[in-house]
Amino acid sequence: MSDEKQRVTLTINGQPVSAEIEPRLLLVHFIREVANLTGTHIGCDTTSCGACAVLLNGVPAKSCTMFAVQADGANISTVEGLEQGGVLHPVQEGFFQEHGLQCGFCTPGMMMTAVAFLERNPNPTDGEIRQAISGNLCRCTGYVNIVKSIQYAAARMREQQAAPAMATAGAEATQ
Amino acid sequence: MTTPAQTLGGMGHSVKRKEDPRFLRGKGRYIDDIKLPGMIYMDIVRSPYAHANITKIDASKALALPGVLAVITGKDLDAAGLAWMPTLMSDKQMVLPVDRVVYQAQEVAAVIATERYIAADGVQLVEVEYDPLPPVVDPFKALEPDAPLVRPDREQKNNHIWHWEAGDAAQTDAAFASAEVVVKEDLYIPRIHVCSIETCGCVASFDKVEGKLTIYMTTQAPHAIRTVYSLVTGIPENKIRVISPDIGGGFGGKVPVYPGYVIASVASIQTGLPVKWIEDRSENIQADSFARDYHITAELAADKDGTMKALRVKTLADHGAFDAAANPSKFPAGLFSVVTGSYNLQAAHVEVDGVYTNKPSGGVAYRCSFRVTEAVHTIERMVDVLAQKLGVDPADLRMKNFIQPESFPYKSPTGWEYDSGNYPAALQKAMAKIGYADLRREQAEKRARGELMGIGISTFTEIVGAGPSHTFDILGIKMFDSCEIRVHPTGSAIVRIGVQTQGQGHETTFAQIVAEELGLPVENITVEHGDTDTAPYGLGTYASRSTPTAGAATAVASRKIREKAKNIAAHLLEANPDDIEWSDYKFQVKGAPGRSVTMKDIAFAAYTNHPQGMEAGLEAVDYYDPPNLTFPFGAYICVVDIDRGTGAVKIRRFVAVDDCGNIINPMIVEGQIHGGLTMGMAPALLEGISYDENGNMQQGTFMEYLLPTAMETPVWETDKTVTPSPHHPFGAKGVGESATVGAPPAVVNAVVDALAHVGVTHIDIPMTPWKVYELLEAHGLAEG
Amino acid sequence: MALHFEGTQQIKAPIEKVWQFVLDPNKVAECAPGFKSMEILADDHFKPTLAVGIGAVKATFTLDVQLEDVQPQTHAAMRGRGNAAGSAVDMKAAMDLTPVSADETTMAWTADVNVSGVIASVGARLMEGTAHKLTAQFFDCFRQKLEAPEEAEQPTETEAPETSGT
């Protein structure tokens, strides 16, 4: 066991972040305090609440239960990376339209879990959504509107997937 | 072309929230997001024992660790007269103990260090020697003559804190004596913890040059904190600034002044550096303010025909080691005396005795509306117990005994004046929506096949909006609330209020009130709160008081502006002010609607073209003293199925019909109900805190203390009736806690109903699968 | 959380040897789970430091152990109190020896342990199982050392078996 610092480089939302850190520094603290991205939150100390969920190489991970050194070289996505070019991600739009947040503290972790889930399951049932977010605790909303928010996002994302195909079909039709 | 009302986003519109843009982008500013230059960190050494003398604290190893700047003990605070602080109930509480600990996880010393992890390392290195004392954990045993004394600092050398009564004992005794039927039950509502997803914390920053203490704090009541701080430290209030940043859920758990806040402030004053303290989840559960822990014996007297006559309630309130419940000062048992509920009883007598035990302090920190959860649980259970005894349908029994709509304002046997209500309409709506008659038929069929299905009703009356100055105060400060509005020349406005949102959407709803009253678009109205340097004095947000008090102040301040605006309108329209009327969000000349001006026109004129002799500007302040509380109500119906092999209770359907008077934002109200129902189901089925004989808490982390996830939570079905409050400026009542109050007894009533045919009359919460299974076994219903 | 244990061990060693072993804190320390170091204050008063893990919680306890009621070759009892950051333990234990034959001894023992603090709150459900496991480890080690053929004197500062709790 060494107390010596290690140099790590993590790519967070597409930007490399390098630092010399103690091996015991939690990934969530690296994100919040070294990379200064405070959207990822800490809600418990037993890996139970999911407020710290980020995407690690595309897979949801509870960043409070990893050391930053374990994520050396990895691609991390946090809530700050969802909005692209001034346009909200469909999941963010869904939470806004369907009142999927109240105090907002669980929301980043909830949304990151939803983003990864919808990429695997673009047409989910409400039950499948509930199962997917069962590792994210919310005390404010009672989950009903969170499920609606994620369904809203799913529908939007399906539309967006269909749109390029329609454009191609349209182009073919006019040839 | 949209109507003016739709573009304004005033009352009744489901305006999308103005606070969402920052939360959705991860740009919220919660307490642990705050970083100040030079900031250092604090962590806390806590007692493993529930009751012990401290024989030695050796901080030498901690102080030798590079990065540790100081270790603060009770002796250090005692030298500054700060080892004890007043509680909101005029008791006192240790900030840090000088020689004795009185609950497990109590703060014993604080380590200040340059970095968060080093402060935690330092805590591991502080060596504390204890001489354990026998703890008292059972409140009944605490009242026995030879019980360990929790508070030797008090003059009264026993564990009894206070005795409180409401109602009329003689009248109640007489009603019981002449009653044909009496039912009696013991109910225990266990201790629970609200566990908002964000824990508590602060950043205390003392500026030595200015002599000013700025403290960012997870607090639901920043002004009250500032005043208490000033009284305790002697620092004048203009040199104390309390700032509530974004708060990740409060629910009452962020009202008390926790020792951590005070120690961090002292550390900052000593070092002149900002000191951050953020508690862990296990610290939050084990040491912070709890809720409930009421041991209740209730009796309900009635005639054979089901007419309810009188209610008698005796309660033992387990308050932990200090009486630090955040109740209004004349109400040590909160508003528990609303326990006569929605029914027209002739008489009632309520007694509560508070007791000290070796547990953390608190009492009202879980969305309980000042003990109304306990009151409603009691009456709604007793009504079902009576129905079961008489062999009548619980819906019929309620309908028969409701306070009728024409009886309002209604004076209850314990002295409350209910402002308005229509209980039969709410229950009828709920029964229609859930298909009550069909459910009873289904239940009969299932019962014949041995399947356990239950239907539970809760028709509750809430009591919120503390409160009128003749009755309500906290540490002497009256419970008014406030609003200050300033309208700018180009027609936008900044509104500052004395309450403090923790997720309820005030930045949206209060802007909507002003939009409605002044005819300005909601997106041009900014709501600010939480900074005691700028917000007008208020008592904060808890017990569903914001809309009843600060909401009213906002309307009244708006109307003061409208009064001035009318005179400017008269000037602009060259008419007599008496001929000007406010209609369709415009000022117009009576009888000549073509001659009108908007508030936007008036705002500009207030700075550029106001009448001679009138002050420029367009602003107002109001401090609102509510004439009464408001009484939201509801009818909830819960359907459960019980698994005979596991004892698991599944909520198949839950219909909630709520009435909170006129609604500002239906989307936000519905969200509050969803969240409240979930926090009502949780104590009924999942959550409960217990202590072993050594005073060890047995649910100290989220591994043992189970919050409902999306899997356990049913799809809530909501609806409403609207019975405005006659005394509120826009007829609104509070609503934030209605569902937490009304839901638990609906769930219990459903489970008992499922087992009533084998003689079960009551089950205490939480109704965990194991508890239910044991009951099934005892009644020969268990399978497998 | 109050735990009570008791048990009986049959040790294939003469009673004098067992008694000597039991009264030698260094020998006993060799078998103590998570043993790290010890301060010997007197023949009957020692302060061992043990690292113990239960579930997610690992704590380093410094115990203050006092022997009492020592009846040679027959009976001994001890009291101990220990602290770790956030946790505390209070214990009483007693042991009785009876000879079975010249080469076999029966040791009957009881222990009462009161645990407080983080370890009791967080580790509560795992406590009994872990305690049983650690106790079994201890006595197995005890018996093995006593039943081993005679060896040259070992230095007293030996490596104790590392324990990882659960």
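Thresholds applied
Residues numbered from 1 in each chain as written. Chains lettered and ligands numbered in written order. Predicted model: local features only at pLDDT ≥ 70, side-chain atom pairs only at ≥ 80, totals over all residues. Heavy atoms only, no water. Disulfide = S-S within 2.5 Å. Helix = DSSP H or I, 4+ residues; strand = E, 2+ residues; numbered from the N terminus. Buried < 20%, exposed > 50% of the residue type's maximum accessible area, 1.4 Å probe, protein only. Pairing = 2+ DSSP bridges. Domains from an automatic or database assignment. Contact = heavy atoms within 4.5 Å. Buried area = accessible area lost by both parts, 1.4 Å probe. Salt bridge = Lys/Arg side-chain N within 4 Å of Asp/Glu carboxyl O. Axes fitted to C-alpha atoms, helices over the stretch in contact; angles between N-to-C directions. Polar contact = N/O pair within 3.5 Å; in protein donor to acceptor, adjacent residues only side chain to side chain. Nonpolar A, V, L, I, M, F, W, Y, C, P; charged D, E, K, R; others polar. Phe/Tyr/Trp six-rings, centres within 6.5 Å; stacked < 30°, edge-to-face > 60°. Right-handed = clockwise from strand over helix to strand, strands pointing away.

Here we come to the state of the cysteines. All names here are of chain C. Here the structure, examined in full by the defined rule, presents 1 disulfide over all chains. Linked covalently through their sulfurs, Cys31 and Cys141 form a disulfide whose S-S length is 2.0 Å. Here Cys31 and Cys141 share a disulfide; its torsion about the S-S bond, -75 degrees, makes the bridge left-handed. Highlighted residues: Cys31 in helix α2 (residues 25–31) and Cys141 in helix α4 (residues 124–147), separated in sequence by 110 residues.

This paragraph deals with the pairing of strand β25 (residues 481–487) of chain B. All names here are of chain B. For β25, the tally of buried residues reaches 6 of 7 residues, placing the bulk of the element in the interior. Where β25 meets strand β31 (residues 619–624), 6 bridges bridge the pair, whose relative direction is antiparallel. Across the sheet, the residue bridging to Arg486 is Glu619, located in β31. Bridge analysis of β25 against strand β26 (residues 493–497) gives 5 bridges, and the strand direction is antiparallel. When the bridges of β26 are listed, Val487 appears paired with Ala493.

The periodicity of an α-helix, 3.6 residues per turn, causes residues three or four positions apart to be oriented the same way. Residue and element names in this part refer to chain A. Most of helix α1 (residues 27–34) sits inside the fold, with 6 of its 8 residues counted as buried. Every buried residue of α1 is listed here: Leu27, Val28, His29, Phe30, Ile31 and Arg32. Taken from the residues just after α1, Asn36 is the one with a positive phi, measuring 60 degrees.

This brings us to the domain arrangement of chain A. All names here are of chain A. Entries for chain A in the domain assignment read domain 1 (6–81) and domain 2 (90–168). Here the C-alpha centroids of domain 1 and domain 2 sit 22 Å apart. Across the contact, 17 residues belong to domain 1 and 13 residues belong to domain 2. Summing both sides of the interface, domain 1 and domain 2 together bury roughly 1100 Å²; the carbon and sulfur share of this comes to 67%. Of all residues in domain 1, the largest losses of buried area upon contact with domain 2 belong to His41, Leu55 and Val79, amounting jointly to 39% of the total for that side. Between the two partners, domain 1 and domain 2, sit 0 salt bridges.

Residues and elements named next belong to chain B. For Ala62, the location among the structural elements is in helix α3 (residues 60–64). Given the relative accessible area of 0%, Ala62 is considered buried. Along the backbone, Ala62 and Gln93 are 31 residues apart, and their C-alpha atoms lie at a distance of 27 Å. Beyond its immediate chain neighbours, meaning those up to four positions away, Ala62 contacts Val68, Val71, Gly122, Leu125 and Val126.

Moving on: the sheet that holds strand β30 (residues 592–597) of chain B. All names here are of chain B. Spatially, 3 strands are ordered β28-β29-β30 in an open sheet, and the strand pairing comes out antiparallel. Sheet topology places β28 (580–583) and β30 at the edges, where each strand pairs with a single neighbour. Neighbouring strand axes in the sheet, compared pairwise and without regard to direction, differ in orientation by 45 degrees on average. Pairing of β28 with strand β29 (residues 586–589), which is carried by 4 bridges, proceeds in the antiparallel orientation. Among the inter-strand pairings, Ile580 is bridged to a residue of β29, identified as Val589.

With 18 residues of chain C at the interface, the matching set in chain B holds 21 residues. Between chain C and chain B the total buried area reaches about 1400 Å² when both faces are included, carbon and sulfur atoms providing 44% of it. Across the chain C-chain B interface, the total number found is 1 salt bridge. Asp131(B) is the salt-bridge partner of Arg81(C), the closest N and O atoms lying 4.0 Å from each other. Remark: the boundary between chain C and chain B carries 6 residue pairs in polar contact (both at pLDDT 80 or more). Among the secondary structure elements, those contributing two or more residues to the side of chain C that touches chain B are β5 (75–84), β6 (87–101), β7 (104–117) and α3 (118–122) of chain C. Classifying every residue of the side of chain C that touches chain B gives 8 nonpolar, 7 polar and 3 charged.

Residue and element names in this part refer to chain B. With respect to the helices, strands and loops of the structure, Lys446 is situated in helix α14 (residues 436–448). For Lys446, a relative accessible area of 15% translates into the label buried. Side chain to side chain, Lys446 and Glu442 meet in a polar contact 2.5 Å long. Residues in contact with Lys446, not counting those within four places in the same chain, are Glu451, Met453 and Arg652.

Moving on to the domain arrangement of chain B. Residues and elements named next belong to chain B. If you check the domain split of chain B, you get domain 1 (4–27 + 481–624), domain 2 (34–133 + 195–287), domain 3 (155–186 + 293–359 + 400–411) and domain 4 (426–464 + 630–784). Put simply, the middle of domain 1 and the middle of domain 2, counted by C-alpha atoms, are 40 Å apart. Contact residues are listed per partner, giving 18 residues for domain 1 and 22 residues for domain 2. Both sides together, the interface formed by domain 1 and domain 2 hides about 1500 Å², and carbon and sulfur atoms give 47% of it. It is Gln502, Thr532 and Tyr537 in domain 1 that bury the most area against domain 2; as a group they hold 41% of the surface buried on that side. Joining domain 1 to domain 2, the criterion identifies 4 salt bridges. Between Asp246 and Arg22 there is a salt bridge, with the nearest N and O atoms lying 2.8 Å from each other.

Our next topic: the interface of chain B and chain A. Opposite the 58 residues of chain B that make contact, chain A presents 47 residues. Here chain B packs against chain A, burying approximately 4400 Å² in sum over the two surfaces, 56% of which is carbon and sulfur. By the criterion of area lost to chain A, the three top residues of chain B are Leu24(B), Tyr117(B) and Ile197(B), representing 18% of everything that side buries. Across the chain B-chain A interface, the total number found is 6 salt bridges.

Here the focus is the packing of aromatic side chains. All names here are of chain B. Under the defined criterion, the tally for this structure stands at 30 aromatic pairs over all chains. Centroid distance Phe23 to Tyr30: 5.8 Å. Interplanar angle 25 degrees. Geometry classified as stacked. Comparing Phe23 with Tyr30, the two get one shared label, buried. The interplanar angle of 10 degrees and the centroid separation of 5.8 Å between the aromatic rings of Tyr343 and Phe402 together place this pair among those described as stacked. Of this pair, Tyr343 sits in the loop between β17 (308–318) and β18 (347–355) while Phe402 sits in the loop between α12 (394–401) and β20 (410–411); the two residues are 59 residues apart in sequence, bridging distant segments of the chain. Taking the relative accessible area as the measure of exposure, Phe402 reaches 3% and is therefore buried. Here the aromatic cluster, defined as three or more aromatic residues joined through ring pairs, consists of Tyr343, Phe402, Phe408, Tyr423 and Phe633.

Residue and element names in this part refer to chain B. Most of strand β12 (residues 212–217) is tucked away: 5 of the 6 residues are buried. Sheet topology places strand β11 (residues 201–207) next to β12; 6 bridges connect them, and they run antiparallel. Counterpart to Asp207 in the pairing with β12 is Lys212. Connecting β11 to the next strand, β12, in antiparallel fashion are 4 residues, including Gly211 with a positive phi near 65 degrees. Both β12 and strand β13 (residues 240–243) contribute to a ladder of 4 bridges, which runs parallel. Paired with Leu213 across the two strands is Ile240, which belongs to β13. Following the chain from β12 across helix α8 (residues 222–233) to the adjacent parallel β13, one finds a crossover that is right-handed.

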